[in-house]
Each structure stands twice: as structure tokens, then as C-alpha cells.
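Structural characterization, general
Take a look at the letters that make up each chain.
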2 protein chains.
Amino acid sequence: MLTYSFEDRGNDTLYEYLYKQIKKDINTQKLKPREKLPSKRALAKHLSISTITVENAYNQLAVEGYIYSVPRSGFFVSDITAREAAGNANISTKASVPEDKKSRTGPQSSPGKIHSVIPKEKRSEFIDFTSNSTTTENFPFATWNKLMRNTLSENRDSLMIKSPSEGVIQLREAIANYLYQFRGIIASPEQIVVGAGTEYLYGLIIQLLGFDKTYAVEDPGYQKISRIYAANKVKCVHITLDEDGVNIDALKGSKADVLHISPSHHFPTGLVTPVSRRYELLNWASEHENRYIIEDDYDSEFRLLGKPIPALQSIDTRDKVIYINTFSKSLTSTIRISYMVLPKTLMERYKNELSFYACTVSNFEQYTLAKFIDQGYFERHINRTRNYYRKIRDEILSNIKSHMDNKKSYIMEEDAGLHFLLKVDTSINDKELVQRARRNGIIISCLSQYYYDKANAREHILVINYSGIKLDSISEGVERLYGTF
Amino acid sequence: MLTYSFEDRGNDTLYEYLYKQIKKDINTQKLKPREKLPSKRALAKHLSISTITVENAYNQLAVEGYIYSVPRSGFFVSDITAREAAGNANISTKASVPEDKKSRTGPQSSPGKIHSVIPKEKRSEFIDFTSNSTTTENFPFATWNKLMRNTLSENRDSLMIKSPSEGVIQLREAIANYLYQFRGIIASPEQIVVGAGTEYLYGLIIQLLGFDKTYAVEDPGYQKISRIYAANKVKCVHITLDEDGVNIDALKGSKADVLHISPSHHFPTGLVTPVSRRYELLNWASEHENRYIIEDDYDSEFRLLGKPIPALQSIDTRDKVIYINTFSKSLTSTIRISYMVLPKTLMERYKNELSFYACTVSNFEQYTLAKFIDQGYFERHINRTRNYYRKIRDEILSNIKSHMDNKKSYIMEEDAGLHFLLKVDTSINDKELVQRARRNGIIISCLSQYYYDKANAREHILVINYSGIKLDSISEGVERLYGTF
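Residues numbered from 1 in each chain as written. Chains lettered and ligands numbered in written order. Predicted model: local features only at pLDDT ≥ 70, side-chain atom pairs only at ≥ 80, totals over all residues. Heavy atoms only, no water.

We now examine the overall build of chain A. Helix and strand counts for chain A stand at 18 helices and 16 strands. Over its C-alpha trace chain A gives a radius of gyration of 31 Å, far above what one expects of a compact globule, namely 23 Å for 485 residues. With respect to the three principal axes, the spread of C-alpha positions in chain A is 95 × 55 × 50 Å. For chain A, the computed accessible surface area is about 19300 Å², with 47% contributed by carbon and sulfur atoms. Taken as two groups, the 65 positive and 59 negative side-chain charges of chain A have centres that lie 7 Å from each other. (Helix = DSSP H or I, 4+ residues; strand = E, 2+ residues; numbered from the N terminus. Rg over C-alpha atoms; globule rule 2.2 N^0.38 Å. Areas by Shrake-Rupley, 256 points an atom, 1.4 Å probe, with all protein chains shown as cover. Lys, Arg positive; Asp, Glu negative; His and termini not counted. Charge placed at Lys NZ, Arg CZ, Asp CG, Glu CD.)

Our next topic: the pairing of strand S1 (residues 67-70) of chain A. Residue and element names in this part refer to chain A. Two strands pair when backbone bridges link them, and S1 and strand S2 (residues 74-77) are joined in this way by four bridges, in the antiparallel orientation. Opposite Ile67, over in S2, you have Val77 as the bridge partner. Taken together, S1 and the strand that follows it, S2, pair antiparallel across an intervening segment of three residues, in which Arg72 is found at a positive phi of about 60 degrees. (Pairing = 2+ DSSP bridges.)

All names here are of chain B. Mapped onto the fold, Ser300 is located in the loop between strand S9 (292-296) and strand S10 (321-326). Looking at Ser300, the relative accessible area reads 12%, which means it is buried. Only 3.1 Å separates the side chain of Ser300 from the side chain of Asp297, close enough to count as a polar contact. Residues within four places of Ser300 in sequence aside, it is in contact with Arg183, Tyr323 and Asn325. (Buried < 20%, exposed > 50% of the residue type's maximum accessible area, 1.4 Å probe, protein only. Polar contact = N/O pair within 3.5 Å; in protein donor to acceptor, adjacent residues only side chain to side chain. Contact = heavy atoms within 4.5 Å.)

Each copy superposes on the other: chain A lies on chain B with an RMSD of 0.1 Å after a rotation of 180 degrees and an axial shift of 0.0 Å. Seen this way, the second copy is the image of the first under a two-fold rotation axis. (Least-squares fit on C-alpha atoms with pLDDT ≥ 70 in both.)

Another aspect to go through is the interface of chain A and chain B. Each partner contributes residues to the interface: chain A has 118 residues there, and chain B has 119 residues. When chain A packs against chain B, the two sides together hide about 10900 Å² of surface, and 58% of this comes from carbon and sulfur. Linking chain A with chain B are zero salt bridges, by the criterion used here. On the surface where chain A and chain B come into contact, there are 16 residue pairs in polar contact (both at pLDDT 80 or more). When the residues that make up the side of chain A that touches chain B are grouped by side-chain class, the tally is 52 nonpolar, 34 polar and 32 charged. (Buried area = accessible area lost by both parts, 1.4 Å probe. Salt bridge = Lys/Arg side-chain N within 4 Å of Asp/Glu carboxyl O. Nonpolar A, V, L, I, M, F, W, Y, C, P; charged D, E, K, R; others polar.)

Before going further, it helps to spend a moment on the confidence of the model for chain A. Residue and element names in this part refer to chain A. Counting all residues, the mean pLDDT for chain A is 88, and 92% of those residues have values of 70 or more. Low pLDDT, under 50, characterises residues 89-111; the stretch is placed with 53 contacts to residues that sit more than four places away or in other chains. Model confidence for the complex: the whole-complex pTM is 0.86, and ipTM, which rates the interface, is 0.85. (pLDDT = per-residue confidence, 0-100.)

Where charged atoms from two side chains of opposite charge come close, those side chains can pair. Applying the stated criterion across every chain yields a total of 33 salt bridges over all chains. A:Arg439 is the partner of A:Glu432 in a salt bridge, and the nearest nitrogen-oxygen pair spans 3.7 Å. Of the residues examined, A:Arg439 reaches a relative accessible area of 61% and is grouped as exposed. Through salt bridges with shared partners, a single ionic network connects B:Asp242, B:Asp244, B:Arg277 and B:Glu280.

A few words on the sheet that holds S10(B). Residue and element names in this part refer to chain B. Taken in spatial order, the eight strands of this open sheet run S4-S11-S10-S9-S8-S5-S6-S7, and their pairing is mixed. The sheet is open, and its two edges are formed by strand S4 (192-195) and strand S7 (245-246), each paired on a single side. Of the strand pairs in this sheet, S10 and strand S11 (residues 338-341) are connected by four bridges, and their pairing is antiparallel. Its bridge partner lying in S11, Ile324 is registered against Met340. Packed on one face of the sheet, helix H8 (residues 169-183) meets S4, S10 and S11 and runs near 110 degrees to S4. Sheet strands touched by helix H12 (residues 275-286): strand S6 (235-242), S7, strand S8 (258-261), S9 and S10. Its angle to S9, the strand with the most contacts, is close to 140 degrees. (Axes fitted to C-alpha atoms, helices over the stretch in contact; angles between N-to-C directions.)

It is worth spelling out the packing of helix H16 (residues 377-403) of chain A against helix H18 (residues 474-482) of chain A at this point. All names here are of chain A. H18 packs onto H16 with a crossing angle of 40 degrees between their chain directions and a minimal axis gap of 9 Å. One way to sum up the angle between H16 and H18 is to call them oblique. Crossing hand, H16 versus H18: right-handed. In contact with Ile392, Glu395, Ile396, Asn399, Ile400 and His403 of H16, H18 contributes Ile474, Ser475, Val478, Glu479 and Tyr482. For the contact of H16 with H18, the residue count by class is six nonpolar, three polar and two charged. (Parallel < 35°, antiparallel > 145°, perpendicular 65-115°, else oblique. Left-handed = near helix turned anticlockwise from the far one by under 90°.)

Before going further, it helps to examine a positive patch on the surface. The grouping of A:Lys146, A:Arg149, A:Arg380, A:Arg384, B:Lys146, B:Arg149, B:Arg380 and B:Arg384 at the surface amounts to a positive patch. Along the chain, B:Lys146 falls in helix H6 (residues 141-154). Residue class for B:Lys146 comes out partly exposed when judged on its relative accessible area of 33%. (Patch = residues over 30% accessible without salt bridge, like charges linked within 9 Å, V, L, I, M, F, W, Y side chains within 5 Å.)

Residues and elements named next belong to chain A. If you walk across this open sheet you meet the four strands as S12-S13-S16-S15, and the pairing is antiparallel. Bordering the open sheet on either side are strand S12 (409-412) and strand S15 (445-446), each of which pairs with just one other strand. Taken together, the four bridges between S12 and strand S13 (residues 419-424) define a ladder with antiparallel strand orientation. Each bridged residue has a counterpart across the sheet, and for Met412 the counterpart in S13 is Leu421.

Once that is clear, we can look at the domain arrangement of chain A. Residues and elements named next belong to chain A. Domain boundaries assigned for chain A yield domain 1 (14-78), domain 2 (127-134 + 381-482) and domain 3 (141-378). When each unit is reduced to the centre of its C-alpha atoms, the spacing between domain 2 and domain 3 is 27 Å. Contacts between domain 2 and domain 3 engage 26 residues on the former and 28 residues on the latter. Summing both sides of the interface, domain 2 and domain 3 together bury roughly 2600 Å²; the carbon and sulfur share of this comes to 58%. Summed over the shared surface of domain 2 and domain 3, the number is zero salt bridges. Inspection of the domain 2/domain 3 interface yields twelve residue pairs in polar contact (both at pLDDT 80 or more). Looking at the side of domain 2 that touches domain 3, the elements with two or more residues in it are H16 and S13. A breakdown of the residues in the side of domain 2 that touches domain 3 according to their chemical character gives eleven nonpolar, nine polar and six charged. (Domains from an automatic or database assignment.)

Looking now at the nonpolar core. Formed by 146 residues in total, the largest nonpolar core has its most connected members in A:Trp144, A:Ile396, B:Trp144 and B:Ile396. B:Ile396 has contacts with B:Phe129, B:Phe420, B:Ile464, B:Tyr466, B:Ile474 and B:Val478, leaving out every residue within four places of it along the chain. By size, the runner-up hydrophobic cluster in this structure holds 60 residues, among which are A:Val234, A:Tyr357, B:Tyr292 and B:Leu354. (Core = buried A, V, L, I, M, F, W, Y, C linked by side-chain atoms within 4.5 Å.)

On to helix H8 (residues 169-183) of chain A, then. Residues and elements named next belong to chain A. The terminal C-alpha atoms of H8, which comprises 15 residues, lie 20 Å apart, in line with the 21 Å expected from a rise of 1.5 Å per residue. The buried fraction of H8 amounts to twelve of the 15 residues, a majority that puts the element mostly inside the structure. For H8, the set of buried residues is Ile169, Leu171, Arg172, Glu173, Ala174, Ile175, Ala176, Asn177, Tyr178, Leu179, Tyr180 and Arg183. Where H8 is buried, its residues meet strand S4 (192-195), strand S10 (321-326), helix H13 (327-330), strand S11 (338-341), helix H15 (363-374) and H16. Positive phi appears at Gly184, one or two residues downstream of H8, with a value of about 65 degrees. (Expected span 1.5 Å × (residues − 1).)

The next thing to look at is the packing of helix H1 (residues 14-27) of chain B against helix H3 (residues 51-64) of chain B. Residues and elements named next belong to chain B. Put simply, H1 and H3 touch, their axes get as near as 8 Å, and they point 50 degrees apart. One finds that H1 runs oblique with respect to H3. The way H1 lies across H3 gives a crossing that is right-handed. Facing Leu14, Tyr15, Leu18, Tyr19, Ile22 and Lys23 of H1, the residues of H3 in contact are Thr53, Val54, Asn56, Ala57, Tyr58, Gln60, Leu61 and Glu64. The residue inventory of the contact of H1 with H3, partitioned by class, reads nine nonpolar, three polar and two charged.

Before going further, it helps to spend a moment on the environment of A:Ser355. Residue and element names in this part refer to chain A. Turning to its location among the elements, Ser355 is positioned in the loop between helix H14 (344-353) and H15. Apart from residues lying up to four places away in sequence, Ser355 is in contact with Ser165, Glu166 and Tyr350. There is a polar contact of 2.6 Å between the side chain of Ser355 and the backbone oxygen of Lys351.

The next point concerns the packing of aromatic side chains. Scanning the model with the defined rule gives 50 aromatic pairs over all chains in all. With a centroid separation of 6.4 Å and 65 degrees between ring planes, the pair formed by A:Tyr389 and A:Tyr466 is classed as edge-to-face. With A:Tyr389 in helix H16 and A:Tyr466 in the loop between strand S16 (461-465) and H18, the pair connects residues that are 77 residues apart, well separated along the chain. By relative accessible area, which is 1% here, A:Tyr389 ends up buried. By way of ring pairs, the aromatic residues A:Phe139, A:Phe141, A:Trp144, A:Tyr178, A:Phe182, A:Tyr323, A:Phe327, A:Tyr339, A:Phe372, A:Tyr377, A:Phe378 and B:Phe364 are connected into one cluster. Stacked on the ring of A:Phe76, the Lys or Arg A:Lys36 has its end atom at 5.9 Å from the ring centre. Sitting above the plane of the A:Phe485 ring, A:Lys407 keeps its charged end 5.5 Å from the centroid. (Phe/Tyr/Trp six-rings, centres within 6.5 Å; stacked < 30°, edge-to-face > 60°. Lys NZ or Arg CZ within 6 Å of the ring centre and 35° of its normal.)

Written as C-alpha cells, this is what we have:
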């Protein structure tokens, strides 16, 4: 009969230990397929343990398929010979770590804590003109903390109720009001879909409009957008820009169905598409029922001079524009909440085809953000942040101007969102420029990097993104930048 | 010269009002394309306002493309005739709401708050045996609140630093430790990808493994999975189950590349795939380099009897299993945090092809959850919740048993996760059964609804999901349920 010494069982209970020992014997074929196991009572007596202990061990082995029971006959060993081909590993449980796996996971003090083998990131750069992150000073920690606490006490029940696929109605109402008051956009809350970042929403839009459609993006443009289309294996064409935005003839020649643009502040050139071209684009969209325009209004809150540019969506009378915006730019990139406003026909399609998806944003943050907007904190936050960015921009510009006498350079498009272009006079090519800057501790990108068709790319134009820059690093940062060319 | 009375300007500033008036004149063609505007100084004098006011209005109009400047000559009206074809809407700004849009948005007290026209959800059912939501009593509000507050004070800087695409390393380490201690899974934190829900991760997996692959799902099974494959326009085949899980011959005949299963607790039958079949499945996967198994371990924490079933991933020695699990089931479905463990080769592919995606979970919740796991709260929460569910299950079972004498019925698979099957003896068909129950205030689903191939569907088997049930509603709920057949 099966005999096991329980002395080496360590921290295992009797039942766990017995289960593991029998499993081992089955895995090593000490117990053969179809072999009959002793009765529970007999084994219990033999090992001087209780019948319940044996029963628990047998049951667990049976559930996992190592043994099977035959009514009125007892337990038998299963045939798991398929295992030979599959690689002969142990089934690991809490205490049994297969040796062949240990080696795969790199150095670790098993069974202690598992730590990452990747060294924690060490940031060696002095200033990063490419970062989209926001600075700690600007995030309203105290307010957010207060509202999150309120949410956790006031909204207990609704926090546990599954959000509609499109987001909780309180947040969609808050967004609709915000859009109405600050962007001149009339959208009913029922047209709004909330999601965990614009990148996620781009993916949903593809599922909504079709994998068989051709998507057009701006060239130059924000490269992530075309990467998302590529990752989704849909056809993506790049449309050249002229001085008014997307070139209409190029668009018409492209056979695109869907146009993805940022008409109020193009990245990275800062170009604003004038109203005449906007109407031309809407006309293009109206020519075919499958045509749509995705308006990515990513940093419209941060126009530093004059009034905000009205959204393309606000002059669209034919339901051709999908408006999309994010709180990642205005609040912090590390809170993942974006939204889109769908034309009514598309919203119906969404309801029918895609609303089985769970909303990707946690209720906790949805309710907190709704309070943040409703109670006026968001507006105040935007105003304060806009002033902050104005200060940062002015400081960068004045530092740049102080270097202009020695080194020819020219500032382009300074009033729009959180970046501008700086044309510099140098014979160094862009690639070398970026590398030299990096050696000086400066992360910078060049306009030419954002072109798909490199033949059109203009050299020596730096993209100065200042959303993640701190005031006290500007003077040295700009000096180091000018020291690279 | 342009003449405007500033008396009707309401709350607008002089500049805003002037800007709107000129825009209106351009939109209505009172000002014709290419017409020259008066000089700033002349108009200012004429209207008795400052030159700066005129300059601001002209600049805004120029930025939006309504007028253009010719150096040393002045400002001219743009040609926006494309607008005629595009539908002749006004460009709306804060105070100007186009009339044609107002009507589209349904009743609203514009310009007051926008509210949803959809009535707030009114739940008329007495008990819902299909809900996946968790109850308010079970969520650890106080602890979560405390840890969120700690996160907001301790992690200020890291909260603002963009999470790696795969999630912050602290959370991935916490998950790796949890998996090691409680699921017998050895995964390094570098193999883990965190995302906003398993549904989101399924989409990522398609992008990772290929839109050209054939995905196999269980029949019967959790229908959302095949809907996600359908929404992504990939080929999806349904594999019949036998008593050990996915039928191997059917799988081999299906030409599937990727198999998507829940081997430790099938939904909704509760079936546990025995170890012999597990090895057969791994062998199948090993036969071709493109073959993978997605192991969806969605409620493994809630096995109420015996030890947890070891994960398929833990006996995979050939890097063929993608393990996926969620905190939506164990914590609350309204916090959207799931994760997957990728085999090393797939993780490399992810790094190369998909790590440009931003992580979809907010840093705030990532750090809070990491603390929740690391400080032992998660383990305690699971234990407490498991006890709670055991109580709920026992209460439901004892209530069912008290009705069995009158109405024949039979309980199947009661020990596994948060649902079991109840076979009832009735001549009413399933569709009618569900409708009758609904009229009795009971939301219920039948096993037959989860079959793709309806020919295999067995009738009269109810799926009793009790994760969202409250203790005090059980007695009446079960009575009402038995009153329907």
C-alpha cells in the first residue's frame, strides 16, 4: 500500500501533503494508469490519519483529473500519457516550483518576493522637449483627493453598479456641458462615449466604421495614429499638408473613406485649418455615406492667445464628424480618460454592435471626474494651467531670443497649444542634431521625423514641446540646446 | 464703414462682440469674399473703441480663417463659399448656438445645464441571477480610501510619470508575487501586461497574434468572447465540449490557430478540464509555432471547496499559454484592471510591435492596487469574500432543496466559482421560462442560451450566478423562481 512519511511535510497540512505525494507518484509513473488506489478507509488506517484527510486529497486529485472514481468500485489513476509529449512538467502549486521554470525567470530569491530584473528607470537627461507628461505642481492633488473621498462615501452603491458601455451618465452630462460652454459643441450626453485613452477610442472607431475602410492621416503628423491603424491591419494613407491643412486634391486622390485630423492645432506644425478649408473637408465627407472625419481636438484647451478655435464638429450639419478629446492632456496623462462625440447615426450603430463592451474607465474615476467638472474645478484648473504654460512658454521664448544674436534661429507658431517650432540655421543634419542634443542632456525631436514621405520633410526645424518642462530648468536647458548646433 | 452698436453685446467683451459681428457679416455675405476691411486704427476711431480691441478681433478672425492679411496692405475677407455646399451652419462659439443644432439635441434648457434625456435606470427586477456585479458590502471602501490617499500623498511624482505600456512595475511585481503564491504560476513581472479589462486585453492579443489567425472558443461558452472576435473581424470557430472540456478531434478538425478557454472553471457548465486533457491541449498547441492557448482564469479565486485548480499555464513548458485574469471579478467589476502573462517570445513581440500603446489603467489605481496586494489586503479580501459567497451559495442551495420535494430539480457543479447549474423538470421551453421568470421579477439565463450550435443545447438547465445576490433576497427570490415552472 502507498506509504508516505509525513515528517517532511513542512508547512503543508496533512491533506495537502498527501495530495502532493500521490500526484508526484502519478507524475513519475510510480502509480500506473488505471491502477486502483486503496480505499479511503484503508489508506487512512495504514497512514494513521483521518478518513476525511484522505477523502480531501482524493477529491482534489479527482477534480484536477489525476484520478477518477468508478461508482461502487473506488478510485483509479488516470492516463495522462499525453503529458510525455507536452514536456513533462510538474503541475506546480503554492509550494512546488518546477525546476525548469525557476531558471526561466532569472535571478530571484524564490520563494521570497519576486522583483523585476529590469533596473528601475534612471533618467539621465536634463530637459525633455518631447515629453507629453504634466508636472506634479500642476495636478490638483488636494481637490482630487477630496472629490475621490466624496465619491467613495457618497456614491457607494452606484460605484458597484456596472457603468454603461458609454460611461456613467453623470460624467457624460458633465462633458456635454463642458463642450457646450467651452467648445461651442452641442452634444447630447447620449452621443458621448467615454474610454481609457484616445488610443483605445481609435480602436473602437475602427471597429465601428470598418476594418475594410481606408483611413487617411496627416503628413507630417502624430505618428502614433498611423501606428494604431497599422497594428489593426487597416489601410492607412498619408495626406500631404499645404498651408491650410490637409490638401484636398491629395485627399480626393487617396480613395480614403475616413480622414483623421487635428484641424484646430495640427501636431507638430501648429497649423490651424481655416474655415474655408474646413467646409471643403466637410463637403468631401458629404460626398459619400461611408465618409467620416475624426476630429482629434487633443489640446484645444491650451490655446494661449485669443479665443479657442471653434471645433470642426460645431459647423458639421450632416453628422460627418466624430469629435474626440482627452483629459490626459488637460489633467494628467496618467489618468486615462478620453471621450468621443458620435453623430447620432453612428451612436445607434455603436449601441447595436459595440455596446456589449464594458466601459474601460473605472467608476471611481468617472464619478470623481464628473464632480471635478460639475463643481467648476476643471475650468479653474484649465485657467491656472494655461497661465502656468504661458509663463513657461514666455520664459523659453525669452531665453531663445537671448541666443538669437549669436545663432540664427526663427520661432514659428508660438501661440497655439503646448509646442512650437524653432527653425535653426545649421549645416548639421537632423539625425546628428538630435544625437548631439542628447549628449548634451537634451531630448528633442525635429519636424522631419514626423514625415511619412521623407521627400517633403524640411530639415532644421525643432519641435519644442514644453508641457513637461519645469521653470527652473529652462535657462540652462535652452543654453544647452543652443550649444548643440 | 462697418458700423456696430455695442449696446446689445450682453456679457460679451467688446472684442468678442466685434469678432462675432464681423463673422456674422462674413457668413451672411454682407461682407464679400476679397473685400478689404477698414484699417484697425480707422475702425477703432469710427466705433470709438481702442485699436487693441479691433486688433484682437481681427487676429481671431484671421486665425480661424475668416479673414486674411496681406503684408503692408491690410485685412481681406476670405472666400468660404465651400460652406454653401457644406450646409450653411454658423460656427458656434460659447454664446452662439446654431438653431439647427439646438433642435437635434432634444429638450434642454439651453443655455442652462445639459441633462440626459434617457431616464435614469430604474431596476424593476427583484433578483438578478445573471449579474456579474459585486455587492457594496463586499468592497473594502475604507481600505481602498486609505490606500488611495496614501498613493496621492506618497507617490506624487511617480503618479505624474507615464506608466510603461505594460503597467507600472510595482503593480506587475505585486501580481507576479500573487500568482506565485496563490496560483502556482511562475511569471516574471516583465512578462505581465496590465490593461483596462480582459475585453481590452483580448483585443490586444488579436493585434499580437494576428488578424489572419483562426480563433477557437468553447461551445457552450461565454458569449462576449466570440462577440469580441466578431467585432474585430477575425475568424472564430466554436468547438464542442465533451465531458473533459474542449473536444480534441473537433479542435484538430477546426483548423484553429488559437484556442481560448477557461480550463479551471468553464462558464457556464463549471467543468474542470482534467490534467490528461490539459496535456493533450498543450500537445496540440506544440504542433505548430503559430498555435497558442489563451487561458482565461476569470474566477479561480472563488473555488469554494478544496484547493484552487492549478493553472494550465503552470504545466506549460513550451511557452504556448497566454494566462489572463482580472480584478473585476475579485475586487469589483467597476474597477477595470486585468492582466495577462505572456510567454517570453510573445512578450518580445509585444515590446517591438505594441508597446507604443499607452497603458489603459490610470496610475492612481495601479499604485493603489499594488499597495492593496503588497500589504496583504487582497488576500484577506479574497478570503472574506469567499466566505461571504459560501454563505450565499449555502443559503441558495438550502432554499432550493426545500422546494425540491414539490418540484423536481437537480443541482449541478456547486463547488466551483460563483455560479452553478440547476436542472429543472418542466415542459415549458427555455425562452418561455426566462420570460416567465422576468415577469416574476427574476432575471435568469439558461444553459441553452450559451450554445452556438443550438442542436447540442440541452434545455431546462438554469444558470444560477450568485455573485451579485444579497442574502436577504434569497428566500423570496428562490420562491419566485420556483413559481415560474
